Every structure is written in C-alpha cells, then in structure tokens.
Amino acid sequence: MSEPGTTQAPPRGARLSRSARRAQLLVAARDVFAAQGYHAAAMDDIAEKAGVSKPVLYQHFPGKLELYRALLATYADELVERVRDAIGRTQDNRERVHAAVAAYFDFVAGEGHAYRLVFESDLRGEPEAAALVDGALTRCIDAVAAVVTEDAGLDDRRARLIAVGLVGLSQVTAQYWLDSDQTVPRDEAVALMSSLAWKGIAGFPLVHE
C-alpha cells in the first residue's frame, strides 16, 4: 500500500488529483479516528484535519461509515501485504518466522496508530467492518499455512492451527510491546518472540529440502 508519509495538509484549495486527494483524506481520517474512535469522530473534524471543506470530503466518501470502511480496508490490506512479503522474500524458514513476527511489530509501530483501526476498533460490531478485519486475519493465516503445508507436509487443518498460533503470538505480543511503552528494544522483542515461535515450528521436519 502506498501511503503519504506526512499528515500535514496541503494549503486549502490546493488542486490535487482525485487519487491524491483521496489518499490525503484517508490520512486525515486515520489520525482523527485513531485519536477519537469511530463514534466520537465527526466528519467536520476530518475535513478540518485535511484542510478541505465538508463538500469536498463528501465528494469522495458519502458518509462517516463509508470513510471508515475504506480506511479499515486500506490498513487491513497493508497488514496482509506485510505478512506475505515477509514469508515470501526468503526460503529459509527460520528467517520466515522472524520476518513474519517483525511484520506485526512494524505494523503496530507504524505511523498514525493505524493498527488501532484494525485490532482495537470500536466498530467491530458493524458487520462489514468485522468482515474486513476477519478477512485480513484469514488471509494472513492462509499465507502462513501454505508454507507450513508445503514444508512440513501437514494436512490443512493442522497447518492452519499452527498458522493461527504464529499469527496470534505475533499480533498479541506486538500490541503488548507497544502498549508497554516499548521498554524492550524492538529488535530484541522481535528476536525473543521469533525464537519462541521457531523452537516450536522447527520441531516439524522438512518433507523436502
């Protein structure tokens, strides 16, 4: 996912392409939703943060729920891309485990607390929002399970159980690490958790070299 690297709004009235304006609005919405939560946030706040009028905001998103869903989909896709890239960039399974854990730590530590929109949304009861989050989780599990099935020769049910374990460990520990003010350095935290996961996964022999 391509995301602007800053939340600073361009001058009011600046002409942007439709895609650039949409990206700008999503960044502003991310900041407002992450700070206030869905229910407390207002479209007025988002328009002000983006430096645009409300009519401009409504040209791109017909309502707050549609804006939130678009934002949630954007960051859910980003998480999935991070995990897929992590396990696809090497054939070394120990490095894959380390990279997968690191992907979650990098996501939760990313700009704008986007992870809160995915993992801590106060809109999880809304069916489409819940489906977006659950879909991202499923895609991450699918990616890990495919590697476990290929390399360990386990059937789909057992491979998926292991994948759920690795994804769950990565997500929960990354969130805990961030919420505990990162008292353990990021690289050390990733090394600790990936070592824990690898010592279990390494117990399954490769079915091929």
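Residues numbered from 1 in each chain as written. Predicted model: local features only at pLDDT ≥ 70, side-chain atom pairs only at ≥ 80, totals over all residues. Heavy atoms only, no water.

(A) Local environment of the packing of aromatic side chains. Counted according to the given criterion, the structure contains five aromatic pairs. Each ring, one from Phe-33 and one from Tyr-38, has its centre 5.9 Å from the other, and the planes form 20°; the classification is stacked. For Phe-33, a relative accessible area of 3% translates into the label buried. Take Tyr-38: its relative accessible area is 10%, and that puts it in the buried class. When the centroid spacing of 6.0 Å and the interplanar angle of 75° are considered together, the rings of Phe-107 and Phe-119 count as edge-to-face. Placement of the pair is Phe-107 in helix α5 (residues 93–108) and Phe-119 in helix α6 (residues 114–119), with a sequence separation of 12 residues. (Phe/Tyr/Trp six-rings, centres within 6.5 Å; stacked < 30°, edge-to-face > 60°. Buried < 20%, exposed > 50% of the residue type's maximum accessible area, 1.4 Å probe, protein only. Helix = DSSP H or I, 4+ residues; strand = E, 2+ residues; numbered from the N terminus.)

(B) Just the confidence of the model for the protein, in detail. This prediction gives the protein a mean pLDDT of 87; 90% of its residues lie at or above 70. Highest mean pLDDT in the protein belongs to helix α2 (residues 43–50) (96); lowest belongs to α6 (84). A low-confidence stretch, residues 1–10 stays under pLDDT 50, and its non-local contacts, those more than four residues away or across chains, total 27 contacts. (pLDDT = per-residue confidence, 0-100. Contact = heavy atoms within 4.5 Å.)

(C) How the structure looks around empty space enclosed by the protein. Summed over all chains, the structure comprises one cavity of 30 Å³ or more. Considering only enclosed or pocket space, the largest cavity measures out at about 40 Å³ in volume. As for the largest cavity, its lining consists of Val-83, Ala-100, Tyr-104, Val-144, Leu-166, Val-167 and Ser-170. When residues of the lining of the largest cavity are assigned to their parent elements, the largest contribution, three residues, is made by helix α8 (residues 156–179). Here the residues of the lining of the largest cavity sort into six nonpolar, one polar and no charged. (1 Å grid on protein atoms, 1.4 Å probe; cavity = no way out; pocket = protein on both sides within 12 Å on 5 of 7 lines; lining within 4 Å. Points joined across faces, edges and corners; volume = space filled by probe spheres on them. Nonpolar A, V, L, I, M, F, W, Y, C, P; charged D, E, K, R; others polar.)

(D) Geometry of the UniProt feature "domain: HTH tetR-type" (unreviewed entry) in the protein. UniProt records the feature "domain: HTH tetR-type" (unreviewed entry) at residues 19–79, using the numbering of this structure. As annotated, residues 19–79 comprises 80% helix and 0% strand, and the C-alpha atoms at either end are separated by 21 Å. (UniProt positions renumbered as here; feature names shortened; annotations may be inferred.)

(E) Spatial organisation of the packing of helix α4 (residues 64–88) against α5. Close contact between α4 and α5 brings their axes to 8 Å; oriented N to C, the two are set at 155°. Overall, the two elements α4 and α5 adopt an arrangement that is roughly antiparallel. For the element pair α4 and α5, the recorded crossing hand is right-handed. Contacts between α4 and α5 involve Tyr-75, Glu-78, Leu-79, Arg-82, Val-83, Ala-86 and Ile-87 from the former and Arg-96, Ala-99, Ala-100, Ala-103, Tyr-104, Asp-106 and Phe-107 from the latter. Looking at the contact of α4 with α5, its residues break down into 10 nonpolar, no polar and four charged. (Axes fitted to C-alpha atoms, helices over the stretch in contact; angles between N-to-C directions. Parallel < 35°, antiparallel > 145°, perpendicular 65-115°, else oblique. Left-handed = near helix turned anticlockwise from the far one by under 90°.)

(F) Highlighting the nonpolar core. Counting residues in each nonpolar core, the largest one holds 68 residues, and the members touching the most others are Phe-33, Ile-46, Leu-57, Leu-67, Tyr-104, Phe-105 and Phe-119. Elements with a minimum of two residues in this core: α1 (18–36), α2, α4, α5, α6, α7 (127–152), α8 and α9 (186–201). A total of 12 residues in this core trace back to one element, the largest contributor, which is α4. In this structure, Phe-119 is in contact with Leu-79, Tyr-104, Phe-107, Val-108, Arg-124, Gln-171 and Gln-175, ignoring residues within four places of it in sequence. (Core = buried A, V, L, I, M, F, W, Y, C linked by side-chain atoms within 4.5 Å.)

(G) Highlighting the pattern of salt bridges. Counted according to the given criterion, the structure contains 13 salt bridges. Ionic pairing is found between Lys-54 and Asp-44, a salt bridge with its closest N-O pair at 3.3 Å. With Lys-54 in helix α3 (residues 54–60) and Asp-44 in helix α2, the pair connects residues that are 10 residues apart, well separated along the chain. When its relative accessible area of 32% is taken as the criterion, Lys-54 is described as partly exposed. Accessibility expressed as a relative area gives 44% for Asp-44, which makes it partly exposed. We note a salt bridge from Asp-85 to Arg-89, for which the minimum N-O separation is 2.7 Å. For Asp-85, a relative accessible area of 44% gives the class partly exposed. (Salt bridge = Lys/Arg side-chain N within 4 Å of Asp/Glu carboxyl O.)

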